[in-house]
Amino acid sequence: MSALSDNLVTFAILAYLVAMIGHAVEYALGNARTRIAAAAPVRELVGAGGGPVAMPPVKVPAPAAPDRSARRARLAGLVGVGGTAVAAVLHLAALVTRGLAADRMPWGNMYEFVLTVTFIGVAAWLVVLWKRPTLRKLGLFLTLVMVLLVATAELVLYVPIVPLVPALNSYWFVIHVSTIVFASGIFLLGVVPAVGFLMRNGYEKGKRSFPYTLAKRLPGAVGLERLTFALHAFAFPIFTFAVIAGAIWAEAAWGRPWGWDPKETWAFISWVVYAGYLHARATPSVRRNVATWLAVLGFLTMLMNLFGVNIFFTGLHSYGGLD
């Protein structure tokens, strides 16, 4: 089962890569023109003598139809979506087989945690895409994130299956970690439209910066900003519950609910930043791009808590599995 899980992760990375290439091709062909029919049929009028009078051809535009490039772009976009769905299935199968091989939930180290968070992110993306297919072009950025994070997990963070450390053998393991994983996956998805909004908003205001070519093909800034807020507003209460559940578990395991352990400290920092984003988003005097930068900063603190704390710090939460 362990070897099967490893192979499934590899296949999932390849499927994400295919999906990313499909979305990239869709971007490249995104400016396809529509073709116009050359001319309408010749009309004939009947004169007084009964004979037909030929009229000159009148060129009228036919209904717009996508040309070959537009059809190819649409096909590439569908390949991107289909590849993402296939990758998500392989991703889920890798997690299931990893859990069966370990005889526990697959959240015991950084490798398993990253695999689970990324799966939640891509699963949430497919739900969003099902409800709002006009956001399909965000798939390029989502699949890029998936390729980078899942490949990093496979190539850098991978560890063989080992039993849980004694401190994690508790029913709180499922309660706390499942909620923190779920919230982290939604935050991961939320940063994609947040960055897209910042790019598109700059384009709509006339800025011609580096991401101009990408920004002009993104969905509208208003829709991206609303999606960013919706995802963060959904994930934040779950993240809050996860932090509270962690404090209750710490009280039961270590005799204190909070000790400013490095991971606890960075979880608190993330909570404050995300709370600041939601507060700024609800404040009319704060511009939307300023509030959105706080959402991006919040995700950077989450990355620091996941990678930086586990790699560079030692504490009671040092379960990364890295040597």
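Residues numbered from 1 in each chain as written. Predicted model: local features only at pLDDT ≥ 70, side-chain atom pairs only at ≥ 80, totals over all residues. Heavy atoms only, no water.

Asker: Looking at this model, I keep getting lost on the overall build of the chain. Mind explaining?
Answerer: Summing up its helical and strand segments, the chain has nine helices and four strands in all. Each of the 323 residues in the chain was classed as buried or not, and the buried ones make up 46%. At a minimum sequence separation of 6, the contacts of the chain that also span at least 24 residues come to 79%. Working note: accessible area of the chain is about 16,600 Å², and carbon and sulfur atoms make up 70% of it. (Helix = DSSP H or I, 4+ residues; strand = E, 2+ residues; numbered from the N terminus. Buried < 20%, exposed > 50% of the residue type's maximum accessible area, 1.4 Å probe, protein only. Contact = heavy atoms within 4.5 Å. Areas by Shrake-Rupley, 256 points an atom, 1.4 Å probe, with all protein chains shown as cover.)

Asker: How should I be thinking about helix α5 (residues 171-204) in this particular structure?
Answerer: Helix length check: α5, at 34 residues, gives a terminal C-alpha distance of 50 Å against a target of 50 Å (1.5 Å per residue), a fit within 8%. Of all 34 residues in α5, 26 are buried, a share of seventy percent or more. Remark: Gly 206 follows α5 within two positions and exhibits a positive phi of approximately 90 degrees. (Expected span 1.5 Å × (residues − 1).)

Asker: Before we go on, may I ask you to explain the nonpolar core in this structure?
Answerer: The tendency in soluble globular proteins is for nonpolar side chains to be buried as a group. Judged by nonpolar contacts, the single largest core of 81 residues is most densely connected at Tyr 16, Trp 125, Leu 138, Phe 141 and Val 177. Only α1 (2-28), α2 (68-102), α3 (110-131), α4 (139-157), α5, α7 (221-254), α8 (262-282) and α9 (288-312) provide two or more residues apiece to this core. Element by element, the count of residues in this core is highest for α5, at 16 residues. Apart from residues lying up to four places away in sequence, Leu 138 is in contact with Trp 125, Val 192, Pro 193, Leu 218, Leu 224 and Leu 227. (Core = buried A, V, L, I, M, F, W, Y, C linked by side-chain atoms within 4.5 Å.)

Asker: Can you walk me through the layout of surface pockets in this structure?
Answerer: Gaps left between atoms show up when a probe the size of a water molecule is rolled over them. Roughly 350 Å³ of internal volume is contained in the largest pocket. Of all the elements in the fold, those that place two or more residues in the lining of the largest pocket are α4, α5 and α9. Here the element with the most residues in the lining of the largest pocket is α5; it accounts for six residues. Tallied by class, residues from the lining of the largest pocket come to 14 nonpolar, one polar and no charged. (1 Å grid on protein atoms, 1.4 Å probe; cavity = no way out; pocket = protein on both sides within 12 Å on 5 of 7 lines; lining within 4 Å. Points joined across faces, edges and corners; volume = space filled by probe spheres on them. Nonpolar A, V, L, I, M, F, W, Y, C, P; charged D, E, K, R; others polar.)

Asker: Please clarify how α8 should be interpreted in this entry.
Answerer: Residues separated by three or four positions in an α-helix point in the same direction, a consequence of the helix having 3.6 residues per turn. Over its 21 residues, α8 runs 30 Å from end to end, which matches the ideal 30 Å to within 8%, given 1.5 Å per residue. On its buried face, α8 sits against α5, α7 and α9.

Asker: Got a minute to help me understand the pattern of salt bridges in this structure?
Answerer: Side-chain pairs of opposite charge can arise whenever the charged atoms involved come near each other. A full pass over the atoms with the stated rule returns six salt bridges. Between Arg 98 and Glu 112 there is a salt bridge, with its nearest N and O atoms 2.8 Å apart. Of this pair, Arg 98 sits in helix α2 while Glu 112 is found in helix α3, placing the two residues 14 residues apart along the sequence. The exposure class assigned to Arg 98 is buried, which follows from its relative accessible area of 1%. You can call Glu 112 buried: its relative accessible area is 1%. Between Glu 225 and Arg 281 there is a salt bridge whose closest N-O contact spans 2.5 Å. With a gap of 56 residues between them, Glu 225 in helix α7 and Arg 281 in helix α8 connect regions that are remote in the sequence. (Salt bridge = Lys/Arg side-chain N within 4 Å of Asp/Glu carboxyl O.)

Asker: I keep staring at the confidence of the model for the chain and nothing clicks. Help me out?
Answerer: Where the model shows low pLDDT, its predicted coordinates should not be examined in detail. Mean pLDDT for the chain: 84, with 83% of residues reaching 70 or above. In the model of the chain, strand β1 (residues 34-35) stands out as the element of lowest mean pLDDT, 34, in contrast to α3, which has the highest, 95. Counting interchain partners and residues more than four positions distant, the pLDDT-below-50 stretch residues 33-42 has 17 contacts. (pLDDT = per-residue confidence, 0-100.)

Asker: Which parts of the structure should I look at to understand the packing of α8 against α9?
Answerer: Each pair of packed helices can be described by the angle between their axes along with the distance between the axes. α9 packs onto α8 with a crossing angle of 170 degrees between their chain directions and a minimal axis gap of 8 Å. One element, α8, and the other, α9, form an angle in the roughly antiparallel class. Residues belonging to the contact of α8 with α9 are distributed by class as follows: 17 nonpolar, seven polar and three charged. (Axes fitted to C-alpha atoms, helices over the stretch in contact; angles between N-to-C directions. Parallel < 35°, antiparallel > 145°, perpendicular 65-115°, else oblique.)

Asker: For this particular structure, what's the right way to read the side chain of Asn 201?
Answerer: Take Asn 201: it is sitting in helix α5. The exposure class of Asn 201 is buried, given its relative accessible area of 14%. With sequence-adjacent residues up to four places away left out, Asn 201 is seen in contact with Ala 221 and Asn 289.

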